[in-house]
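# Architecture at a glance
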2 protein chains.
Amino acid sequence: MPHQPERKTFIQNLRDHGQRVTPERLALFDEIFAQHRHIDAEELLTSLLAKGHRISRATVYRNLDLMVDSGLVRKVRLGQRRFHFEHIHPGQNHDHLVCSECDRVVEFVSPAISAMQREICRAHGFSPDHHQFQILGLCHDCLEKGAVPSGT
Amino acid sequence: MPHQPERKTFIQNLRDHGQRVTPERLALFDEIFAQHRHIDAEELLTSLLAKGHRISRATVYRNLDLMVDSGLVRKVRLGQRRFHFEHIHPGQNHDHLVCSECDRVVEFVSPAISAMQREICRAHGFSPDHHQFQILGLCHDCLEKGAVPSGT
DNA sequence: CGCCTATTGCGACGGATTCTCAATAGATAA
DNA sequence: TTATCTATTGAGAATCCGTCGCAATAGGCG
Ligand SMILES: [Mn+2]
Ligand SMILES: [Mn+2]
Ligand SMILES: [Zn+2]
Ligand SMILES: [Zn+2]
């Protein structure tokens, strides 16, 4: 269990808010923190069931929201359709390059973005909570394989 | 008709690709370019019908995609659910601040973002097509009305 | 242990978009 | 102008991605 401290934080968060520590919550938590990739609700449900856990789709969705609210998990829109989830690495923010040909996702660290975000919000009287930033395009491999950049 | 040149471009685009110039396409085009705001497919359908045009929902969706592909219209995810569309102002890129309390959308011009995007893509061997950048938070008005920033 | 109530599972429901397919109507050439 | 070819349309069913309602279950506390 390489994510023991986060697990303890999660359990403490639950207790602090009068929420219950259920096996479903722990299994879901462990699954997200075991994965080092972007994973969607359906994939999480499938892997949990494959590992013998008994959990329903609604519970997966409900508890993903709960973990997002508690700040342990991030919910990102990578493609056009569903949300993906990833556990948060504290202190190391990143955003995503998404290949529209092969769906590959590359993370990039963006020190300048936080500063820019602060400045823009200051200028407009906004109080920022979080941002979504994705760059869509073609990855290196797809370019070499001859995919055409942009419209047809 | 204050968008005559774009209209001609659209028609030429269609002809160049062996696509037909239909009244439905022109009506939809005119509606998007008449609006100076972010509008979704359902709203477009409703206003077209209210103006006496005969057009179906499927046609609206199909032709929105077509206009996005031809580079005249941008498709942005402002809330969590549906897409919104806006006509492109060439040479003046912008992104969006979205208030999570009142759904207000404020546009901001971001000269630094293009440069950053280019640099990040160069470093990762990516060929960028476009990006999605939204900052979620609380607008000035909602802050004054006492909305609580972030969690709970 | 026993109560209280938060949480769960199941299946129905919902919004947004896409699909299917027969009918319609632009474009082109004679 | 008319015939022909086929892209496009309309209508509604289907799909995708979640969310909801509610009865059954089971954590947490005294
Ligand atoms: Mn990531
Ligand atoms: Mn805009
Ligand atoms: Zn690729
Ligand atoms: Zn607001």
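Just so we're clear, the structure is a prediction, and the values are computed from it rather than from any experiment.

What follows deals with the protein's contact with DNA strand D. In the vicinity of DNA strand D there are 21 residues, among which Arg20, Tyr61 and Arg82 of chain A together with Arg25 and Thr59 of chain B approach most closely. Near the protein, meaning within 4 Å, the atoms of DNA strand D are sugar or phosphate in a fraction of 68%, with bases accounting for the rest. Within the side chain of Arg25 of chain B, an N or O atom sits 2.7 Å from a phosphate oxygen of DNA strand D. Here a phosphate oxygen of DNA strand D sits 2.9 Å away from a polar atom, N or O, in the main chain of Ser56 of chain B. Listed by contribution, the elements that provide at least two residues to the surface near DNA strand D are helix H4 (57-69) of chain A together with helix H2 (23-34) and helix H4 (57-69) of chain B. Split by residue class, the surface near DNA strand D holds six nonpolar, five polar and 10 charged.

All names here are of chain A. Here His94 is to be found in strand S3 (residues 94-99). Separated by 48 residues in sequence, His94 and Cys142 have C-alpha atoms that sit 23 Å apart. Setting aside anything within four residues of it in sequence, one finds His94 in contact with His38, Arg74, Glu86, Glu107, Phe108 and Val109. At 3.2 Å, the side chain of His94 forms a polar contact with the side chain of His96. Here Glu107 takes part through its side chain, which lies 3.0 Å from a polar atom of the side chain of His94.

Here we come to the coordination of the zinc ion (ligand 4). Residues and elements named next belong to chain B. Surrounding the zinc ion (ligand 4) are the protein donor atoms Cys99 (SG), Cys102 (SG), Cys139 (SG) and Cys142 (SG), which sit 2.2 to 2.4 Å from the metal. Each of the four donor atoms around the zinc ion (ligand 4) contributes to a set of angles spanning 106 to 112°, which defines the coordination as tetrahedral. Of note, the zinc ion (ligand 4) draws all its donor residues from one chain, in the sequence arrangement C-x2-C-x36-C-x2-C. On the criterion of sequence distance, the pair formed by Cys99 in strand S3 (residues 94-99) and Cys142 in helix H6 (residues 140-144) is long-range, its members being 43 residues apart. For Cys99, a relative accessible area of 0% gives the class buried. For Cys142, a relative accessible area of 7% puts it in the buried group.

Taken residue by residue, the interface counts 38 residues in chain A and 38 residues in chain B. Counting the surface lost from both chain A and chain B, the interface buries some 3,100 Å², and carbon and sulfur atoms represent 69% of this. Taken together, chain A and chain B are joined by 12 residue pairs in polar contact (both at pLDDT 80 or more). For the side of chain A that touches chain B, the secondary-structure elements that each account for two or more residues are strand S1 (73-77), S3, strand S4 (105-109), helix H5 (111-124), strand S5 (127-138) and helix H6 (140-144) of chain A. With 12 residues, the single largest contributor to the side of chain A that touches chain B is S5 of chain A. Looking at the side of chain A that touches chain B residue by residue, the classes come out as 20 nonpolar, 13 polar and five charged. Note: S5 of chain A against strand S5 (residues 127-138) of chain B, 11 bridges, orientation antiparallel. Opposite His131 of chain A, over in S5 of chain B, you have Ile135 of chain B as the bridge partner.

Reading the values: the criteria
- Residues numbered from 1 in each chain as written.
- Chains lettered and ligands numbered in written order.
- Predicted model: local features only at pLDDT ≥ 70, side-chain atom pairs only at ≥ 80, totals over all residues.
- Heavy atoms only, no water.
- Near = heavy atom within 4 Å.
- Polar contact = N/O pair within 3.5 Å; in protein donor to acceptor, adjacent residues only side chain to side chain.
- Helix = DSSP H or I, 4+ residues; strand = E, 2+ residues; numbered from the N terminus.
- Nonpolar A, V, L, I, M, F, W, Y, C, P; charged D, E, K, R; others polar.
- Contact = heavy atoms within 4.5 Å.
- Donors = N, O, S within 2.8 Å, 3.2 Å for Na, K, Ca; no water.
- Tetrahedral: all angles 85-135°; square planar, octahedral: opposite > 155°, others 65-115°.
- Buried < 20%, exposed > 50% of the residue type's maximum accessible area, 1.4 Å probe, protein only.
- Buried area = accessible area lost by both parts, 1.4 Å probe.
- Pairing = 2+ DSSP bridges.

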